[in-house]
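# Working through the structure, step by step
Given next are the chains, with one letter for each unit.
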Amino acid sequence: MARFLFPSEYYDSTYSIDFASYYSMGYRAVLFDIDNTLVPHNAMSDERSQALMQRLKDIGFKICLVSNNKYERVNSFNEYLQVEFIWKAGKPKPDGYIKAMKMMGVRPGNTLFVGDQLFTDIWGANNARIHSILVKPINKKEEIQIILKRRLERPIIWLYCIKHPCKTAK
């Protein structure tokens, strides 16, 4: 089976991840997808995403948004977050992830990636040899091309979950 699509870990939500424990394990940077990972599709940053970014900064993490979206979308989303970002990242190619790591002065071994899609986010993070964390999408309402990809993702996630349980919120 396509193990390159398997995440390193799978959580119910970005907001249920214990990032402090990852920092204690030596991770120093977190790359994030935006849509349906941090906020619903096309939503602006909200209090929850802003609080998460501040908490990560307080822990000591470097942060970068890695998105296939256009500059305007990513820049406006970042207005209150004030973190690094890569737009039109070309996921699943590793180039955007590598560019983000170079910007922050980190390497794959101490970088996490968090995203909601196997065929772009996780595949790309795995291509860049980054610890990949898949999260369940925040909102079920999505564009048709993403709905079609979700149908293809289901059997892969099912196979992954046979051996690796989803980590749920506490």
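Before going into details, it helps to say that this report is about the structure given with it. Predicted model, so just to flag it, every value in this text is computed and none were measured.

Listed in full, the buried residues belonging to helix α4 (residues 95-104) are Gly96, Tyr97, Ala100, Met101 and Met104. Summarising the axial view, the buried residues of α4 lie within an arc of 135°, below the 170-degree limit, and thus occupy one face. Of the residues in α4, the exposed ones pointing more than 90 degrees away from the buried face are Asp95, Lys99 and Lys102. Among the structural elements, β2 (29-32), β3 (62-66), β4 (84-86), β5 (111-115) and α5 (118-127) are those in contact with the buried residues of α4. Just beyond α4, the residue with positive phi is glycine 105, at close to 70°.

Attention now goes to the environment of alanine 89. Examined against the element boundaries, alanine 89 turns out to sit in the loop between β4 and α4. Alanine 89 sits 35 residues away from glycine 124 along the chain, and the two C-alpha atoms are 9.8 Å apart. In contact with alanine 89, other than residues within four places in its own chain, are Val66, Ser67, Asn68 and Gly96.

What follows covers the nonpolar core. By size, the foremost hydrophobic cluster in this structure holds 26 residues, and its most contacted members are Phe19, Phe32, Leu38 and Leu65. The set of elements that each furnish at least two residues to this core consists of α1 (19-24), β2, α2 (47-59), β3, α3 (71-77), β5 and β6 (131-135). Looking at which element gives the most residues to this core, the answer is α2, with 3 residues. Sequence-distant contacts of phenylalanine 19, defined by excluding residues within four places in its chain, comprise Thr14, Val30, Phe32, Leu52, Leu56, Ile59, Phe61, Leu112 and Val114. By size, the runner-up hydrophobic cluster in this structure holds 15 residues, among which are Ala89, Met101, Met104 and Val106.

Moving on, we get to the pairing of β3. Successive side chains on a regular strand alternate, one facing one side of the sheet and the next facing the other. Where burial is concerned, most of β3 is hidden: 4 out of the 5 residues are buried. Sheet analysis places β2 next to β3, joined by 4 bridges and oriented parallel. Counted as the bridge partner of phenylalanine 32 is leucine 65 from β3. As for the winding sense of the linkage, the β-α-β connection from β2 through α2 to β3 is right-handed. Pairing analysis gives 3 bridges linking β3 to β4, with the strands arranged parallel. Paired with valine 66 across the two strands is isoleucine 86, which belongs to β4. Each parallel crossover has a hand, and for β3 linked through α3 to β4 it is right-handed.

Here the structure, examined in full by the defined rule, presents 7 aromatic pairs. A ring pair is formed by tyrosine 22 and tyrosine 27, whose centres lie 5.8 Å apart and whose planes are at 75°; its orientation type is edge-to-face. Through a chain of ring-to-ring contacts, the aromatic side chains of Phe19, Tyr23, Phe32 and Phe61 assemble into a single cluster. A cation sits over an aromatic face here: arginine 28 above tyrosine 23, 3.7 Å from the ring centre.

Empty space among the atoms becomes apparent when a probe as large as a water molecule is rolled across them. What the largest pocket holds in volume is close to 330 Å³. If you trace the largest pocket, you find 14 residues lining it, with Pro137, Lys140, Arg150, Glu153 and Arg154 closest to the centre. Where the lining of the largest pocket is concerned, the elements lending two or more residues are β6 and α6 (144-163). Looking at the lining of the largest pocket element by element, the count peaks at 6 residues for α6.

Calculation criteria
Residues numbered from 1 in each chain as written. Predicted model: local features only at pLDDT ≥ 70, side-chain atom pairs only at ≥ 80, totals over all residues. Heavy atoms only, no water. Buried < 20%, exposed > 50% of the residue type's maximum accessible area, 1.4 Å probe, protein only. Helix = DSSP H or I, 4+ residues; strand = E, 2+ residues; numbered from the N terminus. Arc of directions from axis to C-beta. Contact = heavy atoms within 4.5 Å. Core = buried A, V, L, I, M, F, W, Y, C linked by side-chain atoms within 4.5 Å. Pairing = 2+ DSSP bridges. Right-handed = clockwise from strand over helix to strand, strands pointing away. Phe/Tyr/Trp six-rings, centres within 6.5 Å; stacked < 30°, edge-to-face > 60°. Lys NZ or Arg CZ within 6 Å of the ring centre and 35° of its normal. 1 Å grid on protein atoms, 1.4 Å probe; cavity = no way out; pocket = protein on both sides within 12 Å on 5 of 7 lines; lining within 4 Å. Points joined across faces, edges and corners; volume = space filled by probe spheres on them.

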